[in-house]
Structure formats: structure tokens, C-alpha cells
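An overview of the molecular structure
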Amino acid sequence: MTDYIGPHEQYALVPPQTFVDRFTLHWTKKFDMPASEPLRKLWRIMANTYQQSIIATAQGRLTRWRVLQPPTGSGKTMGAVVYSAIQAELNASLIDGIQPVGIMIVNRLKAQVDDVVSDINAYVGRQVAIADHTDHRATPEQLNDSDIVVITHEAYTRANKTLSGVKAERWKRLTRWRGGQRLLTIVDEALANVVEHSRVKLDDLTLLIGLIPQELRLAHASEVQALEILRDSMLAQADTNDALEVGTSLVWAQGEAPVSANLTELRTAMRQLPYDKQIGKDDDKERLRLAMRHDKVLGAAEALLDQYALIAVSGNQHSLNSAALAVPLELPGPVVLDATAGVDLMYQLMEDRADIIPTPPGVRDYSNVTLHVARTASIGKTKMEDLAGKRFPQLQANLNERLSADRKVLFCVHKHVEHLVPTQADLGVTEVASAHWGAIDGSNDYKDFDTAVIFGLPFRDRIWGTGVFFALQGVQSDEWHDSPTWKEHANVRELLQRRHLATSIIQAMGRVRLRKVVDKQGRCAPTDVFIVLPTGERGTEILRYIRQELPNISVEDWPLHLDGPKARVKRSGLPHEGLVTFMSNRSPGRTSMSLIGREFSLKPHQRKDLQKALRDENHPTALKLKELGVTYGSEGKGRGAKSFLLKAA
């Protein structure tokens, strides 16, 4: 079953047909799912693509990104597991003179990394794969001995910094092993942070400079001077922009910043400052929160002085902005598994650095999925937060009329309104779960849910689209900002926004049971998805992308009047579940009970009942909060007493 490549060195390769046969057996026996002929064709394409990438890397050819777009529920993750396991088996049975092949797998979340490692080792029957992330650091010996190393997206996107920085040796240990260079990198799901965005607001920079104590000014004079030059440049450019009413313009190009600076030592010193005492507090958690906030400003300032800089105005707030690729495109043999690659514009912007591999027709059929579509304006983060008190009751009242008691419902919403999602008791259904944008992609936790509700969309600002385009296509002239064209596209910035929204929606839809194949036609069990799309052409185009990526999906109008007369609904008692969600999404520090009362519209007696429950350390809600590092506390006595929840860092 072994193939070899040469001429000077020979490497063991997994024969594509061997992979298809063994994965078909795994798919049908372990998961009890039918393996159609289109699926088998797709799996052969996957194996061929892995092999081509290995050969190109072994022969020292220029690495191109190979992008596979297997649809949700077609075995992309488990296929990577089985392929890697077969490769490890092959490596163990080699004759002299044949080189083994090492593989790196990149997953979105740490839990997924651990699952993939466990699945590979279980398939082989011994440890051949090792995880390496912040909760489980592999030793240099383990990395050297393991056929497969599995890391997170975050670690992968740091590679651009580590290749030339102090952590370069660690990255070398990840990409090399006892067999030499790892020849294949499998990236599961689209990389969320391929482009790293840097932004410094004028007010934040001014505040930061004012916080630098005299002893640090003397010890790091050149770094402080660089920050002051950066601030002065922003002030001068802000005055020009205000006078000319320019929204966005280039301040300097790459390599033309007014000063350069290495802020590493200053950042280290600044992280130790007693920020809490500077604002009259004595709170370690507050000190840490402020240290992280100010360090983020310093990191962005350093990036701006190393890259190009755009000035932008939002309201009366001026900021300098830049963006750069966070992933070196030369990494060993990257193959990306991205179900939404056909919509994601990033791969097209990469042009000759990426090959998008076609998917054979008929792999999936989504005719058992019904998409219920409502349209309205103002569904971005800020407006959804502002209008949450009115809109969530409207949503609940509508769903109460539509959902039967046997439903299992997943809500995807913005983070800061997730606690307002109706509960299982509110809706009278079997189960309710929620997730927010930024924490749902790639999750397999909701694969048995029959209903998804997508309420609010993750819009990006204008600068995001500009940064993505500049990072992949190079910095453009100021005229481009008013007419952001590319090839046949009149407004590539708006196109990036629409495609970003479409890919995000498709990823969210793919978390529920439409991901599970139930017959040889590639269909799933009946599934309903409720979504609110933007009005106008933007919403229409997003819907077109959804239809494109989910063949044969049924689309129906959803009569939901979010901004009509206020709906009155019954909520199920005290918001225990919502409070746990609310605090899980809060930053470390204090949250007053007054704020909680306002957030959940609690009447005085309800707030008292909730506080009574929180004072009971054995109450289920108190126990769940404790798992999050949240404890109940109070200060003062009588009417002046203040109660709060304290979340540890």
C-alpha cells in the first residue's frame, strides 16, 4: 500500500484509494451514515490534494495554498483524522531508505484539538499524535517523536511573528520532527484571523502617554518619544482631515513611518504598573484589566510604526489603522478545509497563491432544510443591543406560535444580548441552547438540534474591508477609498462585507443537524432555520450566496415584525440561566446588582429573590457562577449597601 517519491529522497505516501476504502468503512460502521458515490469522489479528491501538497513540499517547490471546499457534513474533519492515522501507520512500517511523512493539523478551538488527537490515537491504537496549546504544552521530545502535531488557529496565525521573533525556536519544533520537515499542514475550517488588524485611537494613545511615570520615561526615552511622534502625527493629520472632510486617507506607506521603535521592553514595564491605584482603587483584577487594555494600544502602535497607516474618522473619533497578513504563506504544504470557500472572497484575493479545488456535484442535498427569512434594518451589534428590550419579546411571541414542544433550538446572537435569549421554559420546547458570533464556528455541540434561530448579524466596519484588501492586494491610493474597485467589482469593500456575512451565516447554520447525512442522496433530517436578513440589495445577495452553498434549500418568508407594537410575553421566573450566560460574557471585575436588575427588567421583589439565591453558596445558580469564577459580594449596610457579582480574571 506504499507509494514513494524521488528522485533523491523517497517518502511514504498514502495511496488515495486506500484512504477512500478505509474512510468509507469508518464512515459507515462508526457513524452509521451512507457513503454515496459523490462522497467517495470527494474523499478521493481530498486524498489526492493531500498527496500533491506533500510532494510539492518534499521537492522544495513554491508552496501554494490548496483550498478544499467539502460541504458541511461530508467528513472533512474525520477524513483528516483517518488520513493522518493511516500515514502514521505507514511511517511505522517503512523499510530502510524511505522517509516518513509528518503532518500538522490546525483546529479552531482547544477542545477540537484534543478531540482530533484522541480520535487519531484511538484509530491507530497507540500515541502517534500530540496536542500543543496553552492548556496542554507538548515537550520538545513529544513534538520530535510524534507523527502528527495538532495546534489551534491562534497558534498558527502567530507564525508570522514567531518566525523572526524570540519564539522562532518553538515554531521550528512544531514544523520539524524526527523525520525532518513536516510536509503537510491541514487547516480545518477557514482561518478566522488570517489578516491582523491594528488600530490606535487618538484619545487612547493620549491617555496612555499620560500614564507613563517619569522613571519609565527616563529608562525608555526613545520609545516614549516614538509614541509622542505618533500622537503628533495623528493630531496633524486629524486637523487636515477635519478641514478637508476626508473620511479615510493614507498617512504613510510601508517603511515610511516618521519613526521606528521596538516597544517590547516598555510594554513589559508598563504591564507592571499599579493602574488600579492611579484611579483610586485597590483591585488586582482591575489592575490586570487596565494593563491588558493599555498593552493592546502599545502593541497596535508598534505595528503601525512598522507598517502602513491609514487615518479614519468615525463620529468625532480619529484613529490610525493598519492590517497585515498574520500567516506566512510559505508554511509547509497548507491544505485548507473550508466549507464556505466558494463564498469567502479572501481566497480570490490571494490570486495565484491559492488553488480552490472544485467539489463534485451531488455530495449534499439540503432539500429537507427550510430557511425562514425575515427582513429588517438595523441588525448589527449596536442596534441589536439598543433595541433588544423590544425585539426579543417580539421574537419569543412569534416563535411561541411556530415551534412544537419536541423542538431543540439553537440561537446565534450577538455576545452582549445572549443572556436575553428565551429559555426552554419560555418557548415550551425540549431544549434551548445559545452561542454568540465568534464562538460558534466549528462547534459540533449542536449536531442534534433541529432548529436554528439567527438573530442579529456580525457586520464589520469599513476599515475592516479596507484592511483585508490592502493585506492581500497591497496598499491602494487615496482615490481608491471613494471608489474601491477590483477587477469587475465596483465596490470590493461592500462585497467583502456581504461575503463575510454569508460565510458567517452558513457556518452558524451548519452547527445544527443539517450537517448530518441520513441517506445516499446526501440529505439531512428535516431542519428549520429562522433568520433576519438586511433589507435591500445586501440582504438579497446574501440570500443568493446561501442558496449557492446549500443546494436545494427551501426558502420561505418569515412574517416577523420586530419593530411593531411591543409584544407581551411571559418569562419563566427569575433569569437564572440568563444570568449565568450574562456573567460568562462579562469581563473580569465587578458587576453591580443594579445593572443586573436593569438588564433583566427585574422588579424590586424579583431582585431580592435573586440576591437571596446568590447568597446561598449551594444554590445551583451560585454553583454555576462559581465555576466561572464569579462570586456574590456586598459593601455597606442599610440603604447605602451595594451588592455586586465579582468575576475573577
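Right, let's walk through the structure included here. (Residues numbered from 1 in each chain as written. Predicted model: local features only at pLDDT ≥ 70, side-chain atom pairs only at ≥ 80, totals over all residues. Heavy atoms only, no water.)

Examining the overall build of the chain
Defined as follows: Helix numbering and strand numbering both begin at the N terminus, where a helix is a DSSP run of H or I of at least 4 residues and a strand a DSSP run of E of at least 2. The size measure is the radius of gyration over C-alpha atoms, and the globule rule it meets is 2.2 Å times the number of residues to the 0.38 power. Exposure is judged per residue with a 1.4 Å probe applied to protein chains only, and the accessible area is read against the type maximum: over 50% gives exposed, under 20% gives buried, and values in between give partly exposed. It only takes one pair of heavy atoms within 4.5 Å for two residues to be counted as in contact. Shrake-Rupley sampling with a 1.4 Å probe provides the accessible areas, and residues are treated as covered by the protein chains on show and by no other component. Charged-residue counts in this description rest on Lys and Arg as positive and Asp and Glu as negative, His and the chain ends being excluded. Here the site of a charge means atom NZ of a Lys, CZ of an Arg, CG of an Asp or CD of a Glu.
The number of helices and strands found in the chain is 26 helices and 24 strands. Over its C-alpha atoms the chain spans a radius of gyration of 27 Å, differing by no more than 12% from the 26 Å that the globule rule assigns to 649 residues. With respect to the principal axes defined by its C-alpha atoms, the chain has extents near 80 × 65 × 55 Å. When the 649 residues of the chain are sorted by exposure, 53% land in the buried category. Long-range pairs, those at least 24 residues apart, make up 75% of the contacts in the chain with a sequence separation of at least 6. When the accessible surface of the chain is totalled, it reaches about 29500 Å², and 47% of it is carbon and sulfur. The averaged location of the 78 negative side-chain charges in the chain is 5 Å from the averaged location of its 81 positive side-chain charges.

Regarding the packing of helix H9 (residues 202-211) against helix H14 (residues 284-306)
Cut-off, in case you're wondering: Axis lines are fitted to C-alpha atoms, over the contacting stretch for helices. Their N-to-C directions set the angle, which ranges from 0 to 180 degrees. In what follows, roughly perpendicular refers to angles from 65 to 115 degrees, roughly parallel to angles under 35, roughly antiparallel to angles over 145, and oblique to any angle outside these ranges. A crossing counts as left-handed when the near helix is turned anticlockwise from the far one by less than a right angle, and as right-handed when that turn is clockwise. Each residue receives one of three labels: charged for Asp, Glu, Lys and Arg, nonpolar for Ala, Val, Leu, Ile, Met, Phe, Trp, Tyr, Cys and Pro, and polar for the others, Gly being one of them.
The contact between H9 and H14 brings their axes to 10 Å, and the two run at 110 degrees. Taken together, H9 and H14 sit at an angle that is classed as roughly perpendicular. In the packing of H9 onto H14, the handedness of the crossing is left-handed. Two secondary-structure elements touch here, H9 through Asp204, Leu205, Leu207, Leu208 and Leu211 and H14 through Arg293, His294, Val297 and Leu298. Here the residues of the contact of H9 with H14 are counted per class, giving six nonpolar, one polar and two charged.

Focus on the environment of glycine 536
With respect to the helices and strands, glycine 536 occurs in helix H22 (residues 536-549). Put simply, glycine 536 and alanine 377 are 159 residues apart on the chain and 9.0 Å apart in space, counted from C-alpha to C-alpha.

So, the side chain of histidine 436
Tracing the backbone shows histidine 436 in strand S18 (residues 431-436). Under the relative-accessibility criterion, histidine 436 is labelled buried at 14%. Once residues lying within four places of it in the same chain are set aside, the contact partners of histidine 436 are Val413, His414, Lys415, Glu418 and Asn585.

Things to note about unusual backbone geometry
One non-glycine residue with positive phi stands out, namely asparagine 552, at about 70 degrees. Exposure remark for asparagine 552: the relative accessible area of 53% places this residue in the exposed category. A positive phi angle is found at serine 601, which is not glycine, with a value near 50 degrees. Take serine 601: it is sitting in the loop between helix H24 (593-599) and helix H25 (604-615).

Points about the sheet that holds strand S9 (residues 184-188)
This is how the line gets drawn: A pair of strands counts as paired when DSSP detects no fewer than two bridges linking them.
Strand order across the open sheet formed by seven strands is S5-S6-S4-S9-S14-S2-S15, with parallel pairing between neighbours. Only two strands of the sheet have a single neighbouring strand rather than two, namely strand S5 (129-131) and strand S15 (354-357). Within the sheet, the average angular offset between the axes of one strand and its neighbour, ignoring direction, is 20 degrees. The pairing of S5 with strand S6 (residues 148-152) spans three bridges and is classified as parallel. Note that in S6 the partner of isoleucine 130 across the bridge is valine 149.

Brief notes about the pattern of salt bridges
Heads up, the rule is: When a carboxyl oxygen of Asp or Glu is within 4 Å of a side-chain nitrogen of Lys or Arg, the pair counts as a salt bridge.
Summed over all chains, the structure comprises 27 salt bridges. In this structure, the salt-bridge partner of aspartate 355 is arginine 64, at a minimum N-O distance of 2.6 Å. Taken together, the residues aspartate 355 in strand S15 and arginine 64 in the loop between helix H2 (37-58) and strand S2 (65-68) connect sequence positions 291 residues apart. Between aspartate 232 and arginine 231 there is a salt bridge; the shortest N-O distance is 3.6 Å. Residue aspartate 232 is classed as partly exposed on the basis of its relative accessible area of 42%. If you follow the salt bridges from partner to partner, you end up with Glu494, Arg498, Glu537, Arg538, Glu541 and Arg544 in one network.

Side note on the nonpolar core
As a reminder of what qualifies: As used in this record, nonpolar core signifies buried Ala, Val, Leu, Ile, Met, Phe, Trp, Tyr and Cys residues forming a set joined through side-chain atoms within 4.5 Å.
In terms of nonpolar packing, the biggest core is built from 99 residues, with Tyr156, Ile454 and Met509 touching the most fellow members. Ranked by residue count, the leading element in this core is helix H21 (residues 492-509), at nine residues. Once you skip the residues sitting within four places of it in the chain, isoleucine 454 turns out to touch Cys412, Trp437, Ile505, Ala508, Met509, Val529, Phe530, Ile531 and Val532. Ranked by size, the runner-up nonpolar core spans 50 residues in total, among them Met33, Leu68, Val117 and Ile357.

Topic: the packing of aromatic side chains
To be explicit about the condition: Two aromatic rings, drawn from Phe, Tyr or Trp (for Trp, its six-membered ring), form a pair once their centres lie within 6.5 Å of each other, and the interplanar angle then sorts them: stacked below 30 degrees, edge-to-face above 60, tilted otherwise.
Inspection of every chain in the model, using the stated rule, returns 14 aromatic pairs. With a centroid separation of 5.3 Å and 65 degrees between ring planes, the pair formed by tryptophan 27 and tryptophan 43 is classed as edge-to-face. With tryptophan 27 in helix H1 (residues 16-30) and tryptophan 43 in helix H2, the pair connects residues that are 16 residues apart, well separated along the chain. Per residue, the accessibility class of tryptophan 27 equals that of tryptophan 43, and both read buried. Summarising the aromatic geometry, the rings of phenylalanine 530 and tryptophan 558 are spaced 5.1 Å apart at their centres and angled 65 degrees between planes, so their arrangement reads as edge-to-face. Of this pair, phenylalanine 530 sits in strand S20 (residues 527-534) while tryptophan 558 is found in the loop between strand S21 (554-557) and helix H23 (576-584), placing the two residues 28 residues apart along the sequence. Among the residues examined, tryptophan 558 registers a relative accessible area of 4% and is labelled buried.

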